[in-house]
Amino acid sequence: MRVLLVEDDQTLGEAVRDHVASSHHAIDWMQTIDDATASVRVVEYGLILLDLRLPDGSGIDFLKTLRAKGDATPVIILTAHDQISDRIEGLNAGADDYLVKPFNLDELTARILAVTRRHSGNSTSVIKVGTLHINIADRSIFSGKDEIILSGREWAVLDKLLSRAGAIVSKPQIEEALYAFGWEVESNTVEVYISRLRKKLGREHVTTVRGVGYKIEGRS
Amino acid sequence: MKNRSMTRRLIFSLTATLIVLWLIATTAGMIVMQDEFGEIFDGSLQATTERLTPLVVDDVLQNAQMPESLRQQSLSESTHKGYLTYQVRDATGKVILHSHDVSATPFVAPLKRGFFQDDFSRFYTVPAANNTIFVQVADSIAHRTEAAVEGGLALLLPVLVLIPVSIIGIWFIVRRSIEPVNDLREAIAGKDGGNLAPIELLTLPRELQPIVASVNRLLERLRSTLKAEREFTANSAHELRTPLAGALAQTQMLKSELRSQSSKARLALIEASLQRLIRLVEKLMQLARAEARIGTANETADLGKVLELVIEDFNRASGANERIQYSKGQAATLRRPVSEDAFAIVLRNLIENALIHGDQKTPVKIDLERGGTIRIANDGPVLSANELESIRHRFSRGKTMSPGSGLGLSIATELASQMGATLELKSPATNASTGFESILHFK
């Protein structure tokens, strides 16, 4: 998943960026509303982590503008405003969750997982795909008792497919998910990783819809 | 100095002044009336004497041959007792004729035209027949005094009747006139830390408008001061939290990257200290907010919803370990004109207190009851009455070894008071032999 972090504090921003990246997510870190606005205009994010008090404006206004445009990207507010009225205002503005600073990074991971799960329609962190049990919280995949280990790039492709489980994900969308990590994407890169996923997960779980894209059938 | 009632003072002063003025007016009226009565009586006395004189002279001359006893008898036959008496006297002063109700003893008045007065009567003398006959008519002073007294009473009695009526009238008028002052007093009395809205009494009389203007200016200054204080605490919270969040996040990242167990252990100590510092800062910020009197608010808030949000926060936090059991009474709602933030701070402190100091293996029970009562109960050792009292004080932590700042309950007590609620601390908990219970009652 590609995450947008909007946070002006250098120390906190670096730590959150590294922590989110360590969970196999691609992350873009912006420190102003202007940069964040420019980013959401050109990139489709799976999640936005949004500070409320930024040098060039309020995160709430950014969120309201986003929602007014019909952008339903899940947003978690990260703020030092701890009052319940701030939280109600944030949720009313369209935030999916609200985390008060200082927070534990594990807590942030749990919230990211809960929000993305809710957003993708999965009620639990374990998704069943045929005989596979994919736990997106602890990044484990079991086929019966056998654990399947995926690389970071393979997880990035699988995440993208699972984010729209049952629906078709186009090749450019998968390419974008790989680009987010700053990886080199060649013309056949997507086919290579789809092929590797089929090999590890089982050919029957990843379907090719010729000329349109790929899909994975999963259920919570 | 004893506080005096303005109403009573006004009624008393106005009534006393009115009575005194009425009495002065009545007295002056009586004096004038007595004077006028004197003139009327004198005029009447003079007219009577002068009209009587030719009759008497004629009668005296025609009956000059009659024996004196007969003359006097004929004039004395009438039994009518009048206010006026007369004597006809000759030049020597001898009484020739007199009215039946007066003795033959000559009047003390001299034989000279005009008025004369002694202690008992007022006389008028008219000479006739070349000063050989004198007709003297006397008017009783008692009669005049009686007339004056009756006249005076006629003036005074209505005044005496009107005094109680006027007291009631003055009381009614004063009460009505002072009503705007009472309205203003109540409007000012209704102002506190949570209600500093300007006073809007459009019907106030002109005399009170400057007071309202002054009070409103004062309220505006108070509002600005409190707003500045609240903003300062909110901004301070933000400015303190952000670097702490950075420090904590960097520490946790470093911990995840370290391979050396000894370094990890050392970093865990730093992280624990940071967490303690964060909790202390949190409490001090809450304390500052309580001092800035954030408890009251003008708008009614759905506190039941806030309670559920706070419980959700605790349930999501790893520390609660799903220990919270929340139950809501049938049709129990809680809507009050209090600050949602203050209410949330009170709840967080009470729930946190129950989670930290209660038995870790038993649940913390939270009940929202009908009528505005919230109960937060946990199992644990029983606290004595002295301990229950002391834990309300700042930095008082009782005998517990559990982590805590000793500020939570004092903050909750202060904010509950500002919200118009009472915080009852009870040990053992209701229907239990052990444990602790915080009961928040809203009026």
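The structure under discussion appears in the preceding block.
Keep in mind the model is a prediction, meaning the values are calculated, not measured.

Caption draft 1: Molecular detail of the overall build of chain A. Counting its secondary structure elements, chain A contains 8 helices and 14 strands. In chain A, which comprises 220 residues, the proportion classed as buried is 53%. Pairs at least 24 apart in sequence give 57% of the contacts found in chain A among residues at least 6 apart. When the accessible surface of chain A is summed, it comes to about 9700 Å², and 48% of that surface belongs to carbon and sulfur atoms.

Caption draft 2: Quick peek at the overall build of chain B. Secondary structure assignment for chain B yields 9 helices and 12 strands. Expressed as a percentage of its 443 residues, the buried residues of chain B come to 40%. A fraction of 61% describes how many contacts in chain B between residues 6 or more apart in sequence connect residues 24 or more apart. Total accessible area computed for chain B in this model is approximately 25200 Å², and 58% of it derives from carbon and sulfur atoms.

Caption draft 3: Representation of empty space enclosed by the protein. This model, assessed by the stated rule, comprises 2 cavities of 30 Å³ or more. Here the largest cavity is characterised by a volume of approximately 50 Å³. Along the walls of the largest cavity sit Thr37, Val40, Phe62, Thr65, Leu66 and Lys69 of chain A, which together make up its complete lining. Elements that contribute at least two residues to the lining of the largest cavity include exactly α2 (33–42) and α3 (59–68) of chain A. The greatest single-element share of the lining of the largest cavity, amounting to 3 residues, is contributed by α3 of chain A. Within the lining of the largest cavity, the residues separate by chemical class into 3 nonpolar, 2 polar and 1 charged. Around the second largest cavity, the lining residues are Pro102 of chain A together with Arg241, Leu244, Ile278, Val281 and Glu282 of chain B. Elements with a contribution of two residues or more to the lining of the second largest cavity: α4 (209–257) and α5 (261–291) of chain B. Across the lining of the second largest cavity, the residue classes break down as 4 nonpolar, no polar and 2 charged.

Caption draft 4: View of the interface of chain A and chain B. Counting from both sides, the interface comprises 26 residues of chain A and, opposite them, 31 residues of chain B. A buried area of about 2600 Å², summed over both sides, lies between chain A and chain B, and 52% of it is on carbon and sulfur atoms. By the criterion of area lost to chain B, the three top residues of chain A are Asp82, Ile84 and Pro102 of chain A, representing 24% of everything that side buries. Seen at the junction of chain A and chain B, the total is 3 salt bridges. Where glutamate 312 of chain B meets arginine 87 of chain A, a salt bridge forms, and the shortest distance between an N and an O atom there is 3.8 Å. Linking chain A with chain B are 10 residue pairs in polar contact (both at pLDDT 80 or more), by the criterion used here.

Caption draft 5: Region of the structure containing the sheet that holds strand β2 (residues 95–98) of chain B. Residue and element names in this part refer to chain B. Strand order in the open sheet formed by 5 strands is β2-β1-β5-β4-β3, with antiparallel pairing between adjacent strands. The open sheet is flanked by β2 and β3 (114–117), the only strands paired with a single partner. Strand-to-strand twist of the sheet, defined as the mean angle between neighbouring strand axes without regard to direction, takes the value 25°. Here β3 runs beside strand β4 (residues 121–128); their pairing, made up of 4 bridges, is antiparallel.

Scoring rules and cut-offs
- Residues numbered from 1 in each chain as written.
- Chains lettered and ligands numbered in written order.
- Predicted model: local features only at pLDDT ≥ 70, side-chain atom pairs only at ≥ 80, totals over all residues.
- Heavy atoms only, no water.
- Helix = DSSP H or I, 4+ residues; strand = E, 2+ residues; numbered from the N terminus.
- Buried < 20%, exposed > 50% of the residue type's maximum accessible area, 1.4 Å probe, protein only.
- Contact = heavy atoms within 4.5 Å.
- Areas by Shrake-Rupley, 256 points an atom, 1.4 Å probe, with all protein chains shown as cover.
- 1 Å grid on protein atoms, 1.4 Å probe; cavity = no way out; pocket = protein on both sides within 12 Å on 5 of 7 lines; lining within 4 Å.
- Points joined across faces, edges and corners; volume = space filled by probe spheres on them.
- Nonpolar A, V, L, I, M, F, W, Y, C, P; charged D, E, K, R; others polar.
- Buried area = accessible area lost by both parts, 1.4 Å probe.
- Salt bridge = Lys/Arg side-chain N within 4 Å of Asp/Glu carboxyl O.
- Polar contact = N/O pair within 3.5 Å; in protein donor to acceptor, adjacent residues only side chain to side chain.
- Pairing = 2+ DSSP bridges.
- Axes fitted to C-alpha atoms, helices over the stretch in contact; angles between N-to-C directions.

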